[in-house]
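Fold and geometry: a report
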Amino acid sequence: MSSSPRDVLVVGGGPAGSATGYWLAEAGHDVLVVEKKHFPREKTCGDGLTPRAVRQLQDMGLGDRLDDYHRYDGLRAVAHGITLELRWPDHPEFPPYGYVVRRRDLDQLVADNTVKAGAALWTGTEAVAPIVERGLVRGAVLRRQPADGGPAVTEEVRARYVVVADGANSRFGRALGTARDRRYPQGMAIRGYYESPRHDDPWIESALDLRDRSGSSLPGYGWIFPVGDGTVNVGVGLLSTFRDFKNVNTTHLMNEFAATAPAYWGISPETATCEPTGGRLPMAGSVGPKAGPTFLVVGDAAGSINPFNGEGIDYAYETGRLAADVLHEALVTGDGMALQRYPEELDRRFALYYKVARLFAVIIGKPALMRELTRVGMQSRSLMEWVLRIMANLLRDDELGPAEAAYRAVAGLVKLVPDPAA
């Protein structure tokens, strides 16, 4: 069974896929987004939307809808007995606030908005194999599972272009030859939800000096993000630059963090609302190739997560939007060479920033050094405000403040350092 050809087939209905579909539909193109699961569906995530992510959602017309969810003012950093509450910095392009939205709600909200813009969305639909003709991707074989549990139906959908947006474990991408460069850092995270009296706290919280119940240091960092619905999102993460990364028991880390979290959160095993879930996170543009003659790779499927803070939602929206821009050009002009502008634009926007972040990840992977850096940093509010601006990628182009000056100095040196991932 075969359906009529589409302009673009997007494989994956998460942040990257829905953003790609939205901007293509807004431009008047015939786009089909397929999502393996039926919405609403759970997704392991910290659920925090930084100002960069909020800006993308506002641009997609969802600013008013975000007001239905919990808004927060900035980051509360906790380490070495010191607590600093750091507001999001002023920036001409981004709002000075964020939101916490469960991914089961956020992804459906954005996907529905994509449909409203004119895209077709097939949920319960898995792209099981690419259609390749004369070396070019021309669509996919789809297996559709009805929401009522009826028998699955297999059909082919052809398209002029295909976008790979099926997440960190991207099976469809691997079928096209994408692979993660193992010289790049990889993240690992686990999270759960707990009932908490501080569920509507105006700060997301990050614990930069993890310790177990006996006071011994633990690798990684912890977070507590208030969801505003009676619960908080609690999790821990670490990077593969930690020497014993593969041997770390994240469930143990999670249990110890939950047991030693500040008492004001009121969390305990009894207040947990679900079993924690986790996963691995490809970072810093580590997956490639990101473009072929007729396909592009976006979001987590392209390894677009920020190594500084583990943020992936914003970069999923941004890479999806960039992909839609070059696909629009290709469809309007009839020149498929426009797709090669996509990896060039990614490099222009993110390559140096990710290189700085990758080298910083090496420092994060050394617990003794990281403890000393956080100990020194927590003594200075100004220094931590600079760090927040850099790690959240909220540097300003219109003025040279202390954070911008520090970053440019480091970036200038990094340009001279051989890239371990090159």
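Figured I'd write up the structure that's included with this text. Everything quoted here is computed from the prediction, not taken from an experiment. (Residues numbered from 1 in each chain as written. Predicted model: local features only at pLDDT ≥ 70, side-chain atom pairs only at ≥ 80, totals over all residues. Heavy atoms only, no water.)

Turning our eyes to something else, we now look at the pattern of salt bridges. Applying the stated criterion to the full structure yields 30 salt bridges. One salt bridge connects arginine 76 with aspartate 201, and the closest N-O pair in it is separated by 2.9 Å. Residue arginine 76 is found in strand E5 (residues 74–79), and its partner aspartate 201 is found in the loop between strand E13 (186–195) and strand E14 (203–207); the two are separated by 125 residues along the sequence. Here arginine 76 falls in the buried class, since its relative accessible area comes to 3%. A residue is classified by how much of its surface remains accessible, and aspartate 201, at 5% relative accessible area, is buried. Here arginine 158 and glutamate 133 are joined by a salt bridge, their closest N and O atoms 2.5 Å apart. Of this pair, arginine 158 sits in strand E11 (residues 153–164) while glutamate 133 sits in strand E9 (residues 125–133); the two residues are 25 residues apart in sequence, bridging distant segments of the chain. Classification of arginine 158 by relative accessible area gives partly exposed; the value is 26%. Taken together, the salt bridges that share partners define one network made up of Arg76, Glu85, Arg198, Asp201 and Glu205. (Salt bridge = Lys/Arg side-chain N within 4 Å of Asp/Glu carboxyl O. Helix = DSSP H or I, 4+ residues; strand = E, 2+ residues; numbered from the N terminus. Buried < 20%, exposed > 50% of the residue type's maximum accessible area, 1.4 Å probe, protein only.)

Looking now at helix H4 (residues 103–116). Between its first and last C-alpha atoms H4 spans 19 Å; for 14 residues at 1.5 Å apiece the expected length is 20 Å, and the two agree. Once H4 ends, the next one or two residues include glycine 118, with phi positive near 120°. (Expected span 1.5 Å × (residues − 1).)

Three- or four-residue spacings in an α-helix give side chains the same orientation, since the helix completes a turn every 3.6 residues. The set of residues buried in helix H2 (residues 51–59) consists of Pro51, Arg52, Ala53, Val54, Gln56 and Leu57. Contacts from the buried residues of H2 go to strand E3 (48–49), helix H3 (63–66), strand E7 (98–100), H4, helix H7 (313–333) and helix H8 (341–364). Taken from the residues just after H2, glycine 61 is the one with a positive phi, measuring 85°. (Contact = heavy atoms within 4.5 Å.)

Our next topic: the nonpolar core. Val8, Leu49 and Leu57 are the most contacted members of the largest nonpolar core, which totals 64 residues. Among the elements that make up this core, the one with the highest residue count is H7 (11 residues). By size, the runner-up hydrophobic cluster in this structure holds 21 residues, among which are Met254, Ala258, Trp265 and Ile267. (Core = buried A, V, L, I, M, F, W, Y, C linked by side-chain atoms within 4.5 Å.)

This brings us to the sheet that holds strand E16 (residues 231–239). Across the sheet, which stays open at both edges, the seven strands sit in the order E6-E5-E14-E15-E16-E13-E17 with mixed pairing between neighbours. Looking along the sheet, the strands with just one partner apiece sit at the ends: strand E6 (82–87) and strand E17 (277–282). Going across the sheet, the axis of each strand differs from the next one's by a mean of 20°, ignoring polarity. For E14 and strand E15 (residues 221–226), the ladder comprises three bridges, and the chain directions are antiparallel. Bridge pairing in E15 places alanine 207 opposite glycine 222. Sitting on the sheet, helix H6 (residues 250–260) is in contact with E13, E14, E15 and E16, with an inclination near 130° to E16. (Pairing = 2+ DSSP bridges. Axes fitted to C-alpha atoms, helices over the stretch in contact; angles between N-to-C directions.)

Attention now moves to the side chain of glutamine 186. Of note, glutamine 186 is situated in strand E13. When its relative accessible area of 11% is taken as the criterion, glutamine 186 is described as buried. Aside from chain neighbours lying at most four places away, what touches glutamine 186 is Arg180, Leu238, Leu239, Ser240, Phe245, Arg280, Leu281, Pro282 and Met283.

Here the focus is a nonpolar patch on the surface. A contiguous nonpolar surface patch, about 220 Å² in accessible area, is contributed by Val376, Leu383 and Trp386. Considering the arrangement of structural elements, one finds leucine 383 in helix H10 (residues 381–391). On the accessibility criterion, leucine 383 (30% relative accessible area) is partly exposed. (Patch = residues over 30% accessible without salt bridge, like charges linked within 9 Å, V, L, I, M, F, W, Y side chains within 5 Å. Areas by Shrake-Rupley, 256 points an atom, 1.4 Å probe, with all protein chains shown as cover.)

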